[in-house]
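For reference, the chains in residue letters:
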There are 2 protein chains.
Amino acid sequence: MGLDALVGHAGYAVRRFQLWIFQDFIKTLAAVDIRPTQYSVVTVIGANPGLTQAAVAKRLGIERARLVHLLDSLEQRKLVKRVPSATDRRSHALHLTAQGEEQLRKFKRLAAEHERHVAEKIGKENRERLLQILACFT
Amino acid sequence: MGLDALVGHAGYAVRRFQLWIFQDFIKTLAAVDIRPTQYSVVTVIGANPGLTQAAVAKRLGIERARLVHLLDSLEQRKLVKRVPSATDRRSHALHLTAQGEEQLRKFKRLAAEHERHVAEKIGKENRERLLQILACFT
DNA sequence: TATTGTTATACTCTATAACTATA
DNA sequence: TATAGTTATAGAGTATAACAATA
């Protein structure tokens, strides 16, 4: 069975690849129950303590409304905390808890393992090339 | 604001790229009201008339249950028809209508235009490299 | 007036399970 | 018993709009 025009479409290949990569990520981090979006949120807060919700949402391309629920869940799990902002009473400063910092190190180790799966799948050099080509989207 | 570990993750870049590419596809084909998944279904049926629903679903990595609704919509729009199979009364042979064939040519012209947008965004050679790297996922 | 976080709604997509009619 | 198509449901993800508190 032929795919005809789909073979020449970057979007089709990228979509299939993205599905594979997310499935592997979810499986590799299943023991800590962290999904790709959760990982991106915890990582960005860990690297930039004190950010507002609006700033995180904008940087990661997530809707503000969706981030509310993501943070609710992460806060319940004691990984993240919302601290009242000192300068703007509308906004929250986001921080990792001590437990969040500790867990993040574990998440990163597992994410690195996932990344090795990617390298095995498409080749180490191809993975590097891919990151270079798509650097403008990060 | 830094992304920390996210910068080195292929999955993050691929996800952001995929969102961009789908948005451009949807916008470029808005005049004919065709989304990426619909395009992939019509294209595969056009290139392989007579396929069963199960075969299309498996080839494109779509759930059988979801394909039912996709085909309902495409059939209502007179682009696709379900023909009773001659050999297996459980299954349908999928075909494009005459109108479907005609419309598909228009879809392909617009999809090619979208593909040029991709080439402009990441560069012609990078697009080629990307297709080569991800060929194993099609 | 505009922005922050929140709530609510709707629609798409994904993942299942179960049903029917066939094989 | 297994498979093809269908129906139904639940959970993510996306896209909006609107609201209260605050700037």
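Just above sits the structure.
All values derive from a computational prediction rather than experimental measurement. Throughout this description, residue numbers start from 1 for each chain and increase along the sequence as written. Whichever chain is written first becomes A and whichever ligand is written first becomes 1, with later ones labelled in order. Under the rules for a predicted model, residues below a pLDDT of 70 receive no local features and side-chain atom pairs below 80 are neither given nor counted, while totals for whole chains, interfaces and linings still include all residues. By convention in this description, side-chain values take in all heavy atoms of the structure and omit both hydrogens and water.

A. Quick look at the protein's contact with DNA strand D. Throughout, the term near means that a residue has one or more heavy atoms lying within 4 Å of the molecule or strand in question. Close to DNA strand D lie 19 residues; Arg66(A), Arg15(B), Ala54(B), Arg64(B) and Arg90(B) are nearest. Atoms of DNA strand D within 4 Å of the protein belong to the sugar or the phosphate in 67% of instances, the rest to bases. Any pair of N or O atoms that falls within 3.5 Å is considered a polar contact. Within protein, one atom must be able to donate a hydrogen and the other to accept it, and sequence-neighbouring residues count only if both atoms are side-chain atoms. In the model, a base oxygen of DNA strand D is placed 2.5 Å from a nitrogen or oxygen of the Arg90(B) side chain. Take His92(B): an N or O atom from its main chain is 3.2 Å from a phosphate oxygen of DNA strand D. Only α4 (64-76) of chain A together with α1 (10-28), α3 (53-60) and α4 (64-76) of chain B provide two or more residues apiece to the surface near DNA strand D. Asp, Glu, Lys and Arg are counted as charged, while Ala, Val, Leu, Ile, Met, Phe, Trp, Tyr, Cys and Pro are counted as nonpolar; the rest, among them Gly, fall into the polar class. For the surface near DNA strand D, the class distribution of residues is five nonpolar, four polar and 10 charged. Helix and strand labels come from DSSP, where a helix needs a run of H or I of at least four residues and a strand needs a run of E of at least two; each type is numbered from the N terminus.

B. Examining the side chain of Gln18(A) more closely. Position of Gln18(A) among the secondary structure elements: in helix α1 (residues 10-28). For Gln18(A), a relative accessible area of 2% corresponds to the buried category. At 3.3 Å, the side chain of Gln18(A) forms a polar contact with the side chain of Arg15(B). Note on definitions: a residue-residue contact is assigned when non-hydrogen atoms from the two residues lie within 4.5 Å. When sequence neighbours within four positions are dropped, the list of residues in contact with Gln18(A) reads Val14(B), Arg15(B) and Gln18(B). Exposure categories follow from relative accessible area, calculated using a 1.4 Å probe and restricted to protein chains: below 20% of the type maximum is buried, above 50% is exposed, and the middle band is partly exposed.

C. A look at the side chain of Asp24(B). All names here are of chain B. The topology assignment puts Asp24 in helix α1. Here the positive residues are Lys and Arg and the negative ones are Asp and Glu; neither His nor the chain ends is included. What makes a salt bridge here is a side-chain nitrogen of Lys or Arg within 4 Å of a carboxyl oxygen of Asp or Glu, nothing more. Lys27 is the oppositely charged side chain nearest to the buried, salt-bridge-free Asp24, at an N-O distance of 4.7 Å. With sequence-adjacent residues up to four places away left out, Asp24 is seen in contact with His114 and His117.

D. Region of interest: the interface of chain B and chain A. At the interface, 48 residues of chain B touch 48 residues of chain A. Carbon and sulfur atoms make up 73% of the area that chain B and chain A hide from each other, which totals about 4,700 Å². By the criterion of area lost to chain A, the three top residues of chain B are Met1(B), Ile133(B) and Phe137(B), representing 16% of everything that side buries. Linking chain B with chain A are two salt bridges. The partner of Asp4(A) in a salt bridge is Lys108(B), with the nearest N and O atoms 2.5 Å apart. Taken together, the links from chain B to chain A amount to 18 residue pairs in polar contact (both at pLDDT 80 or more). Those elements that provide at least two residues to the side of chain B that touches chain A are α1, α2 (36-47), α3, α5 (98-122) and α6 (124-133) of chain B. Broken down by element, the side of chain B that touches chain A gets its largest block of residues, 12 residues, from α1(B). In short, buried area is how much 1.4 Å probe accessible area vanishes from two parts on joining, totalled over both.

E. Geometry of the relation of the copies chain B and chain A. The atoms used to superpose the copies are C-alpha atoms, taken from residues with pLDDT of at least 70 in both, and the fit is least squares. With an RMSD of 0.0 Å, chain B superimposes on chain A once it is rotated by 180 degrees and translated 0.0 Å along the axis. Taken together, the turn and the small shift mark the pair as related by a two-fold rotation axis. Both copies present the same face, since 100% of the interface residues in chain B are matched by interface residues at the equivalent positions in chain A.

F. Up close: helix α6 (residues 124-133) of chain A. Of all the positions in α6(A), only Asn126(A), Arg127(A), Leu130(A), Leu131(A) and Ile133(A) are classed as buried. Projected down its long axis, α6(A) shows its buried positions confined to an angular sector of 165 degrees, all on one face. Relative to its buried face, α6(A) has exposed residues pointing more than 90 degrees away, namely Lys124(A) and Gln132(A). On its buried side, α6(A) packs onto α1 and α5 (98-122) of chain A together with α1, α5 and α6 of chain B. Throughout, the arc means that of the directions going from the helix axis to the C-beta atoms.

G. Spotlight on the protein's contact with DNA strand C. In the vicinity of DNA strand C there are 18 residues, among which Arg15(A), Ala54(A), Arg64(A), Arg90(A) and Arg66(B) approach most closely. Arg82(A) places a side-chain nitrogen or oxygen 3.1 Å from a phosphate oxygen of DNA strand C. Looking at the surface near DNA strand C, the elements that each hand over two or more residues are α3 (53-60) and α4 of chain A together with α4 of chain B. Here the surface near DNA strand C takes three residues from α4(A), the largest share from any one element. Here the surface near DNA strand C is composed, by residue class, of four nonpolar, four polar and 10 charged.

H. Structural context of the pattern of salt bridges. All names here are of chain B. Applying the stated criterion to the full structure yields 14 salt bridges over all chains. A salt bridge links Arg77 to Asp33, with the nearest nitrogen and oxygen atoms 3.9 Å apart. Highlighted residues: Arg77 in the loop between α4 and β1 (80-84) and Asp33 in the loop between α1 and α2, separated in sequence by 44 residues. Residue class for Arg77 comes out partly exposed when judged on its relative accessible area of 28%.

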